[in-house]
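Residue-level structure breakdown
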Amino acid sequence: MDVRIFTEPQQGASYADLLAVATATEELGFDGFFRSDHYLRMGEGDGLPGPSDAWTTLAGLARDTQRVRLGTLVSPVTFRPPGILAIQVAQVDEMSGGRVELGLGAGWFEAEHTAYGIPYPDKRIGRLEEQLEVVTGLWGTPVGERYSHAGEHYTLTDSPALPKPVQASPLDPSRAGVPIIVGGHGPKRTPALAAKYASEFNLGFPELADVAPKLERVRAACRDIGRDPESLVMSVALVACVGRDDAEVDRRAAAIGRDPIEVRSVGFAGTPSAVVDRIGALAELGVSRVYLQVLDLHDLDHLELVAQEVLPQLG
């Protein structure tokens with residue numbers, strides 16, 4: 001099981017905070033450090049010191065870490081034109097020595113758009129599909145050739161399609177590219193996009209009873225286009241709240257503003273053995289990667305506990 005740490009910096013985090021968590025993630029043996037891509041705190045609180053740009057942050061972490069995979073869950077298509085996004089991700093991939101992954105989504109949080117003057121179109125899933133086509137098309141265009149695209153939302157003319165990522169595309173190793181993560185709960189278009197463009201399909205905070213049928217929709221979408229479903233990594237992201245005993249779980253739940261009973265029912269929460277059991281149940285459904293949403297970025301003892309008591313039991 002691949003285990004990654006997933007953070008929500010818009011809730012209030014400096015680069016130093018993120019670096020401390022990313023460094024602990026690497027030193028403790030986790031497989032990746034991922035962050036959300038948001039510009040506004042959700043819920044109560046001031047969000048100090050303020051938002052950070054995801055790809056600027058990841059560029060810094062690319063130089064300040066050596067091993068862990070780095071990426072977004074997920075970058076909204078509303079924030080960046082696909083040509084700019086392709087350049088940013090390719091640069092961070094080079095800076096990291098080929099450790100970057102791109103989670104891309106349609107965007108949903110209207111308030112952050114109005115707060116910072118970012119256009120928020122009514123229909124966004126078509127933009128997501130077109131951005132996936134453009135970004136992968138730019139990376140996959142051979143050096144020396146040109147890329148053009150005339151779509152409903154984006155037009156690119158005679159692009160040199162540079163720079164290229166360090167990595168090869170998982171879907172076509174003869175071309176440059178980084179692993180693409182597509183996630184969501186839509187019944188048709190999201191599974192189809194994952195089957196066509198992604199190396200990973202992610203379910204963010206699903207009802208546990210819904211995991212199996214949602215994953216089967218994605219497998220069916222793969223079969224529909226002649227793709228082996230086993231070539232697509234299936235992952236789940238859930239909030240993490242782990243303690244050596246009930247009192248420690250309750251304390252950590254209170255620190256992130258969650259009800260202890262609720263968080264045990266929906267998250268990677270409880271004692272280490274309970275978390276191992278939950279991850280094991282997901283593995284039986286075909287999940288091979290999990291993201292632990294860590295909301296208290298100052299509680300590095302939390303990460304150490306998971307590393308010591310959970311990771312060794314996952315094989």
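None of the values given here were measured: they were computed from a predicted structure. (Residues numbered from 1 in each chain as written. Predicted model: local features only at pLDDT ≥ 70, side-chain atom pairs only at ≥ 80, totals over all residues. Heavy atoms only, no water.)

Some remarks on empty space enclosed by the protein
Counted by the stated rule, this structure contains one cavity of 30 Å³ or more. The volume enclosed by the largest cavity comes to roughly 40 Å³. In terms of lining residues, the largest cavity is bounded by G184, H185, G186, T190, P191, F201, L203, K214 and R217. Mapped onto the lining of the largest cavity, the elements with two or more residues apiece are α6 (189–197), β9 (200–204) and α7 (211–224). When grouped by side-chain class, the residues that make up the lining of the largest cavity number three nonpolar, four polar and two charged. (1 Å grid on protein atoms, 1.4 Å probe; cavity = no way out; pocket = protein on both sides within 12 Å on 5 of 7 lines; lining within 4 Å. Points joined across faces, edges and corners; volume = space filled by probe spheres on them. Helix = DSSP H or I, 4+ residues; strand = E, 2+ residues; numbered from the N terminus. Nonpolar A, V, L, I, M, F, W, Y, C, P; charged D, E, K, R; others polar.)

Description of helix α1 (residues 15–27)
The end-to-end C-alpha distance of α1, which contains 13 residues, comes to 18 Å, matching closely the 18 Å that a straight helix rising 1.5 Å per residue would cover. Within the span of α1, buried status applies to D17, L18, V21, A22, A24, T25 and E26. Each element contacted by the buried residues of α1 is listed here: β1 (2–7), β2 (32–35), α2 (54–64) and α11 (300–309). G29 sits one or two positions beyond α1 and adopts a positive phi of about 100 degrees. (Expected span 1.5 Å × (residues − 1). Buried < 20%, exposed > 50% of the residue type's maximum accessible area, 1.4 Å probe, protein only. Contact = heavy atoms within 4.5 Å.)

Re the pattern of salt bridges
In total, this model carries 19 salt bridges according to the counting rule given. A salt bridge links R289 to D2; the nearest nitrogen and oxygen atoms lie 3.6 Å apart. With R289 in strand β12 (residues 289–294) and D2 in strand β1, this residue pair connects regions lying 287 residues apart in the sequence. A residue is classified by how much of its surface remains accessible, and R289, at 13% relative accessible area, is buried. Classification of D2 as buried rests on a relative accessible area of 19%. A salt bridge links R175 to D172, with the nearest nitrogen and oxygen atoms 3.4 Å apart. In this structure R175 comes out as partly exposed when scored by relative accessible area, which is 38%. (Salt bridge = Lys/Arg side-chain N within 4 Å of Asp/Glu carboxyl O.)

Some words on the packing of aromatic side chains
Scanning the entire structure with this criterion turns up four aromatic pairs. Aromatic pair F34 and Y291: ring centres 5.3 Å apart, planes at 75 degrees, arrangement edge-to-face. With F34 in strand β2 and Y291 in strand β12, this pair connects stretches of sequence that are 257 residues apart. Here the two residues F34 and Y291 agree in accessibility, since each one is buried. In this structure an aromatic cluster arises from ring pairing among Y39, F79 and Y116. (Phe/Tyr/Trp six-rings, centres within 6.5 Å; stacked < 30°, edge-to-face > 60°.)

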